[in-house]
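Overview (structure and organization)
Below, each chain spelled out in residue letters.
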Amino acid sequence: MRVPYSWIKEFVDVDKTVEEVVERLNETGIEATYEKWGEYIPNIITVKIISVEKHPERDKLFVCKATDGNREYQIITGADNVKENTVAILAKEGAVIQGVEIKRRKFGSLESEGMFLSLEELGLAESSEGILLLPEDTPIGEDANKILGLGEDYIIEIEITPNRGDALSVRGLAREIGAIFGIKRKEKFPVISIAEEEEPQIEVLTNKCHRYRGIIIRNIHIKPSPWDIQLKLLKSGQNPINNVVDITNYILLQEGQPLHAFDLDKIKGKIIVRHAKEGEKIKTLDGEERQLKEGDLIIADEEKPIAIAGIIGGDNTKVDENTKNVLLEAAVFDNIQVRKTAKRLAISTDSSYRFERGVDIENLPNAQDKALELIEKTANGKITGDKDIYLKPYIPKEIKLREKTTERILGVFISRKEAKEFLNRLEIPTEETDDGTISKIPAFRALDLEREIDLVEEVGRLKGLNTFKETYPKVSTQNFRKSEEFLFEVRTRDFFKDNGLDEVVTYTFVSEEIFEILGIPVPKIQIQNYLVKTQKVMRDNLAVSLIGVLQENIRHQIKDVSIFEISSTFFEKHEEIRAGVLLTGEFIKGFSYSQEEKTFNTTEKWDFLKAKGLIHSYLVSIGMKDIDYRPSDKPYLNPYESADIYIENQYVGYIGKIHPEKADKLEIPKDTWIGELKLRYVPRDIKEDNLKDGYLYTFYIQKKTPVYKELPKFPAVKRDLAFEVDASLDVNKLLSKLKAASKFITKVELFDIYFLNKERKSVAASVEFRAEDRSLSDEEVNAEVEKILEKLKKEISNLKLRS
Amino acid sequence: MELKKQIQALGEEAKKLISEAIDIEKLNQIRVEFLGKKGKLKNILKTLGKLSPEERKEIGQLANKIKEELEQLLKGRQEELKKKALEEELSKNKIDITLPPHWIEAGASHPVISTLIEISETFISMGFSVAEGPEVEKEEYNFDMLNIPKDHPARDMQDTFFLNNGDVLRTHTSPVQIRTMLKQKPPIAVIAPGRVYRKDADPTHSPMFHQIEGLLVDENVTFRDLKGILKVFLETTFGKDIPIRFRPSYFPFTEPSAEVDIGCTVCGGKGCRVCKGTGWLEILGCGMVDPNVFKAVDIDPDKYTGFAFGLGVERIAMLKYRITDIRLLFTGDLRFNHQFKGIR
């Protein structure tokens, strides 16, 4: 909200600089900034436009004649709101507008002797449409700086928190400033006369309308507002329209009381405040056709809705240049009901904004009367009748504030005397009691101040939060819990980072399309009000995001991408923290030098075993045992170079090469490896535990602590064994069977694989034999090897010992 | 005495040869030639029998002395030559130590995660534990129990993503306060780092970002304590003499509430583009836990008080690393990410 400082001064005699006012507002809870109302511009004057004609050669230009009373100017303008018999602001030769000096300038064969100015060009608005037009009776030939008051006022821009509807007006802000500086507010009360010739016919059929006051004004003259009202509106960032509309806006700004003027002659019968019926329609002032729902609060006449209560008026009863008689509504509608309807219809008006945040029901007549006074004065209307329906007059709530409560919350003692002083300054009538104060909460703070704690905040902020000296609390360790989940993730992150992978963070919402390309189901959890379609689906894996990162980097000609992310994936009842990796291109860089061969080897690229090695090393580093790799059937992976990873027979993730067809579709290299590990389970149900089977964190937490075993007393015997097997046999099957084949085998290490032909291969391993209680003799080992061979032959078909 | 002279001459000859020897093989030859079983010295000594016992003793001693000397010299020369040979051997394989390494280059940290971990570590060191909750959250926890009723304008403070399952993407980490207090009674000292979501996208707002929530509930916790903890945290993060300002504000789940500003780290408070000329940077929101929140989780507000705070991790990371566009953080463009190697 933009508030001219000069307007505030009409309500409080504040002698501080605007800078000081703004600083103190910030320090007491209202975010405020300020700017100067324009700067002095030389050579700008008011002129009357005498004639407007189309430029004979240029399509969109007008040739105007204007006078300053002494001489005529020919001005060429592109503004299509230019109108005869209006007063505009002319920048003559020598004026400097937005850094550019105005000179005579030819448009086609015609010359322009200056330019008409818009608010934007005057530096008074960030953007504006058309030129600024002043009322007909504005004196011409005058220095426009004076008329506009350029450089002579400040505009305070405030932003209020949702609880401070009371400060959303010039009057309210003046009250706040008065409280901050301890200056009493002043106010000029309106003097009006109501003829009482008739009574408006008003019926309120709902308890969501807390007060409704309707006034009839007859024989008004719709015309532009007096300049001082227009100027205040301009300074507040509003466009003047006509006197009646301007006055309702003016009072809304000044008093925070929304008003609405109906053209009385367009209302059929009486005014009825009621709930809408399902499907009722109304065309609103903004030209939109609105569909109403049961429960919406409306103003209707006997035939139709004529306004959506507190939000926007209807087109069917709007005030226009022909309006003669007006019904001026001042009301207070239920804040929640207004909000519900405004939200649903996606309308936010100055009026609905204020009703949602609370309007001072007790100030309603004062505000409306000020409007009437202005209408009497500027539109020559006659007030002929009024009706005020206010069934449940406001009863102030009494709230006690104990000194000890303030101290308990703030840690600062504020005496009842001081608290009373602060609250009274805020115009909250307050008396001292035995242990504190008691306040009667005025209507303008009714929504905000409901409990003792609310008053603690009031006295605290006026005392000044910055004046409280810090204390340093002892953090109780009674319920301390080691943050294992957090530390586990940090550890995982450090592993991948130290092993050369760059950390990325991606959006957890992705497009539907990527799932379709990868050939996996689109996850069920989706954002309804997504920003863009590519950010709609809550991902259930990290691959979809990591592929996006790769594509982004390929666009920048980066080919070596080794990245990881530790983040959330989403499922129907839970979330899963996963670690995802994507690996392509080179990962070992620089030269390796071989002494013997005197050769340099260059970089190394990722391949399946290296990618598997990375994952495997991580699993070993966190103490995982019984790790098993089985062929993976993920549709986006190459089935011959991909593995699902199992620990103790539970699936924990995968590592594999992108399927070449998918790589083509995604326009990423075919030599791309993707892996994911299920790190942790995050339940949504508060009753559920986060230790679930099939997650690395669960294994990690539940794993056995290694216990020291005595070092072996007797030496081991090594044998190299080479087996001939079918080429299709999984080597690991052979190795694990071998390892299990004798109780004396302590270690099996693969050292050679050699394909003999298409059907057969040789697999050689170094096998370590050891007994705990004696040295094994050669004979014993030979006998053991025989036994092992017999066993293996039974378990693996076509197995032969080669050596 | 002829023999004596002979032995001495022999010694001189041998010494000369030893010093001239250029390899170990030659040395071995010399050893055999002079000191061997059939060597020159032995040969001379064979003639000792003809001498008188005195002479024999004298010559014998001389021969032993020379023998010892030669052995010493041989040993010394041998070591010299070995060293030389090794040196030659090693120098032949000299490596250009300025060559680029054959290495796995350590990966880059993400500035947001790095900042998140650093801040979390600060609070963990102070005795806080890490708590967590899901990102898909019930409206009840994200709003209602935090004293943000339906149809209250406070819900507009955070533009919410609604999900098709009836839940929301949590708009802040504050629901973790609720989850924590439902499960655990005071004293409570937790932080909750995590991803949060708001329907907002421009150079300073991302629809997904990170927050760290803090919550301390105990007997006799006051607003001044809140100021103390935050001062320690801000000084740890931004340096000892960073100016700090508390501005009263409004959050439905705290009362009183405040926003905390620090002196602009870019211009030092003089006013610049980053602080929009104010000299201050808004850094976090905080306040005393509202009694309505305590009631919602069945904690007695007459017995306990507490404070809560929430800070935006991206905001702090962007200030720290002078990043001007929040969107850069989430594209994974490695030209950006690679600028952050070696941070936490």
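Residues numbered from 1 in each chain as written. Chains lettered and ligands numbered in written order. Predicted model: local features only at pLDDT ≥ 70, side-chain atom pairs only at ≥ 80, totals over all residues. Heavy atoms only, no water.

Let's talk about the overall build of chain B
- Counting its secondary structure elements, chain B contains eleven helices and nine strands.
- Compactness check: chain B gives a C-alpha radius of gyration of 42 Å against a globular reference of 20 Å for 344 residues, more than 25% above the reference.
- Principal-axis analysis of the C-alpha atoms places the extent of chain B at approximately 130 × 45 × 45 Å.
- Counting every position in chain B, which comprises 344 residues, the buried fraction comes to 53%.
- For chain B, contacts bridging at least 24 residues in sequence account for 68% of all contacts bridging at least 6.
- A total of about 15800 Å² of accessible surface is found on chain B, and carbon and sulfur atoms cover 51% of it.
- Both charge centroids of chain B, one from 51 positive and one from 51 negative side chains, sit 10 Å from each other. (Helix = DSSP H or I, 4+ residues; strand = E, 2+ residues; numbered from the N terminus. Rg over C-alpha atoms; globule rule 2.2 N^0.38 Å. Buried < 20%, exposed > 50% of the residue type's maximum accessible area, 1.4 Å probe, protein only. Contact = heavy atoms within 4.5 Å. Areas by Shrake-Rupley, 256 points an atom, 1.4 Å probe, with all protein chains shown as cover. Lys, Arg positive; Asp, Glu negative; His and termini not counted. Charge placed at Lys NZ, Arg CZ, Asp CG, Glu CD.)

Here we look at the interface of chain A and chain B
- Counting residues at the interface gives 99 residues for chain A, matched by 109 residues for chain B.
- Between chain A and chain B, a total of about 8800 Å² is buried, with carbon and sulfur atoms accounting for 57% of that surface.
- For the chain A face of the interface with chain B, the top three residues by lost area are R408(A), V505(A) and I686(A), together amounting to 8%.
- Scanning the region where chain A abuts chain B turns up five salt bridges.
- Residue E255(B) is joined to R451(A) by a salt bridge in which the shortest nitrogen-to-oxygen separation is 3.4 Å.
- Split by residue class, the side of chain A that touches chain B holds 39 nonpolar, 29 polar and 31 charged. (Buried area = accessible area lost by both parts, 1.4 Å probe. Salt bridge = Lys/Arg side-chain N within 4 Å of Asp/Glu carboxyl O. Nonpolar A, V, L, I, M, F, W, Y, C, P; charged D, E, K, R; others polar.)

Let's talk about a positive patch on the surface
- On the surface, a cluster of positive charge is contributed by K37(B), K38(B), K42(B), K46(B) and K67(B).
- Classification of K67(B) by relative accessible area gives partly exposed; the value is 32%. (Patch = residues over 30% accessible without salt bridge, like charges linked within 9 Å, V, L, I, M, F, W, Y side chains within 5 Å.)

Quick notes on the packing of helix α10 (residues 403-410) of chain A against helix α12 (residues 452-463) of chain A
Residues and elements named next belong to chain A.
- Contact pair α10 / α12: the axes reach a minimum separation of 10 Å and the direction vectors enclose 70°. With respect to α12, the axis of α10 lies roughly perpendicular. Within the contact between the two elements, α10 uses T405, T406, I409 and L410 and α12 uses E452, I453, V456, V459 and G460.
- In the contact of α10 with α12, the residues fall into five nonpolar, three polar and one charged. (Axes fitted to C-alpha atoms, helices over the stretch in contact; angles between N-to-C directions. Parallel < 35°, antiparallel > 145°, perpendicular 65-115°, else oblique.)

Things to note about empty space enclosed by the protein
- This model, assessed by the stated rule, comprises six cavities of 30 Å³ or more.
- Around the largest cavity, the lining comprises 15 residues; the ones closest to its centre are G165(A), D166(A), S169(A), E255(A) and D360(A).
- Among the elements that line the lining of the largest cavity, the one with the most residues is helix α4 (residues 170-181) of chain A, at three residues.
- Both domains that meet at the lining of the largest cavity, namely domain 1 (2-37 + 155-181) and domain 3 (202-389) of chain A, each give it at least three residues.
- There is about 80 Å³ of room inside the second largest cavity.
- For the second largest cavity, the full set of lining residues is T28(A), G29(A), T161(A), N163(A), R164(A), E457(A), E458(A), R461(A), P248(B), S249(B) and Y250(B).
- Among the elements of the structure, α12 of chain A together with β6 (244-251) of chain B are those that each provide at least two residues to the lining of the second largest cavity.
- A breakdown of the residues in the lining of the second largest cavity according to their chemical character gives two nonpolar, five polar and four charged. (1 Å grid on protein atoms, 1.4 Å probe; cavity = no way out; pocket = protein on both sides within 12 Å on 5 of 7 lines; lining within 4 Å. Points joined across faces, edges and corners; volume = space filled by probe spheres on them. Domains from an automatic or database assignment.)

Quick look at a negative patch on the surface
Residue and element names in this part refer to chain A.
- Together, D15, E19, E20 and E23 make up a negatively charged patch on the protein surface.
- Note on placement: E20 falls in helix α2 (residues 18-28).
- Using a relative accessible area of 37% as the deciding quantity, one classes E20 as partly exposed.

Some points on the domain arrangement of chain B
- When its domains are assigned, chain B resolves into domain 1 (2-92) and domain 2 (111-340).
- Inter-centroid distance (C-alpha atoms) of domain 1 of chain B to domain 2 of chain B is 88 Å.

Regarding the nonpolar core
Residues and elements named next belong to chain A.
- Membership of the largest hydrophobic core comes to 171 residues, with the highest contact counts inside it found for I8, I156, Y212, I299 and F333.
- Residue contacts for I299: discarding those within four places in its chain leaves Y212, F262, I271, I272, V273, P305, I306, A307, A309, E329 and F333.
- Among the nonpolar cores identified, the runner-up in size contains 36 residues, and F488, I577, Y618 and I627 belong to it. (Core = buried A, V, L, I, M, F, W, Y, C linked by side-chain atoms within 4.5 Å.)

Some remarks on the packing of helix α19 (residues 731-740) of chain A against helix α20 (residues 778-795) of chain A
Residues and elements named next belong to chain A.
- Relative orientation of the contacting elements α19 and α20 amounts to 140°, with a least axis distance of 10 Å. Taken together, the axis directions place α19 and α20 in an arrangement best described as oblique. At the point where α19 passes α20, the crossing takes the right-handed sense. On α20, the residues touching L734, K737, L738 and A740 of α19 are I788, K791, L792 and E795. (Left-handed = near helix turned anticlockwise from the far one by under 90°.)

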